[in-house]
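The residues making up each chain are set out below.
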Amino acid sequence: EEKKVILPWVFLLPHKLNHGHVVLCTVFLFYFHFQFIVLKRTNKHVFCPFLFPELNKNPVEGFSAGLIDDDDIYKWEVVIIGPQDTLFEGGFFKAYLTFPYDYPLRPPKMKFITEIWHPNVAKNGDVCISILHEPGEDKFGYEKPEERWLPIHTVETIMISVISMLADPNSDSPANVDAAKEWREDPNGEFKRKVARCVRKSQEMAFD
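Conventions and cut-offs
Residues numbered from 1 in each chain as written. Predicted model: local features only at pLDDT ≥ 70, side-chain atom pairs only at ≥ 80, totals over all residues. Heavy atoms only, no water. Helix = DSSP H or I, 4+ residues; strand = E, 2+ residues; numbered from the N terminus. Buried < 20%, exposed > 50% of the residue type's maximum accessible area, 1.4 Å probe, protein only. Contact = heavy atoms within 4.5 Å. Areas by Shrake-Rupley, 256 points an atom, 1.4 Å probe, with all protein chains shown as cover. Salt bridge = Lys/Arg side-chain N within 4 Å of Asp/Glu carboxyl O. UniProt positions renumbered as here; feature names shortened; annotations may be inferred. pLDDT = per-residue confidence, 0-100.

1. Observations concerning the overall build of the protein chain
Along the protein chain, the regular secondary structure elements total five helices and seven strands. Counting helices and strands in the order they occur from the N terminus, the protein chain gives β-α-β-β-α-β-β-β-β-α-α-α. When burial is assessed residue by residue, the protein chain has 37% of its 208 residues classed as buried. Sequence separation of at least 24 residues holds for 55% of the intrachain contacts in the protein chain that already meet a minimum separation of 6. Surface exposure of the protein chain reaches about 12700 Å², of which carbon and sulfur atoms provide 55%.

Right under this line is the structure:
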């Protein structure tokens, strides 16, 4: 038997509501009520995202995305094309997006499978950008809450942020300290050589 479970959007509402908040939150709740339905079938949770039709209707240049396995809608494969006029131009960088069961209350995790040398990508491929950080206050004070994850984000907004990250690395809070040091001190030297090697390798893998 299927049971419809409505996610607890109420916890996202402001503590003090004025008329504007009520209107905004009402629209917000109805929007996500119809866009995300969680079905509880035995012990398996399934959510029905609106992401596929949105991506097909309004494709964004620079990436492609789809399910790794049609039977598992929590795991996506994306391919990002290195943006023009950057060191990553011409590259085809494959990554996995893994969504939590309580998405969109919490962000997905993103991990590059293709080797990539970047200050904001850990050496194991994990992507570290604000939009993928858990919602709320940053205990270190580097990020504002609105810069972190919000339930309105989609695969499209994540990919746009990652493409922007490739074009403009943030070396202030790096996931790869060595890459950040090279980016700051010698962007057209060792850093550029390592990125070029990753681009060539990604091209070879893409056309194998």
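That was the structure; now back to the text.
2. Let's talk about the pattern of salt bridges
Inspection of every chain in the model, using the stated rule, returns nine salt bridges. With a closest N to O distance of 3.0 Å, Glu115 and Arg197 form a salt bridge. One end of the pair, Glu115, is in the loop between strand S7 (109–112) and helix H3 (155–167); the other, Arg197, is in helix H5 (residues 190–206), and 82 residues separate them in sequence. Overall, the relative accessible area of 31% leaves Glu115 in the partly exposed class. Between Glu115 and Lys201 there is a salt bridge whose closest N-O contact spans 3.0 Å. Taken together, the positions of Glu115 in the loop between S7 and H3 and Lys201 in helix H5 put the pair 86 residues apart, joining distant regions of the chain. The class for Lys201 is partly exposed, based on a relative accessible area of 39%.

3. Remarks on the UniProt feature "active site" (unreviewed entry) in the protein chain
Look at the UniProt record and you will see "active site" (unreviewed entry) annotated at Cys128. With respect to the helices and strands, the residue Cys128 is situated in the loop between S7 and H3. Ignoring anything within four residues of it in the chain, the contact list for Cys128 reads Asn120, His133 and Ala175.

4. A look at the confidence of the model for the protein chain
Within the protein chain, residue pLDDT values average 78, and 71% of them lie at 70 or more. The weakest mean pLDDT in the protein chain belongs to strand S2 (residues 38–41) at 35; the strongest belongs to S7 at 98. pLDDT under 50 marks residues 1–17. Its contacts with residues more than four places away, or in other chains, come to 30 contacts. Across residues 19–50, confidence stays below pLDDT 50; counting only partners more than four residues off in sequence or on other chains, it has 57 contacts.

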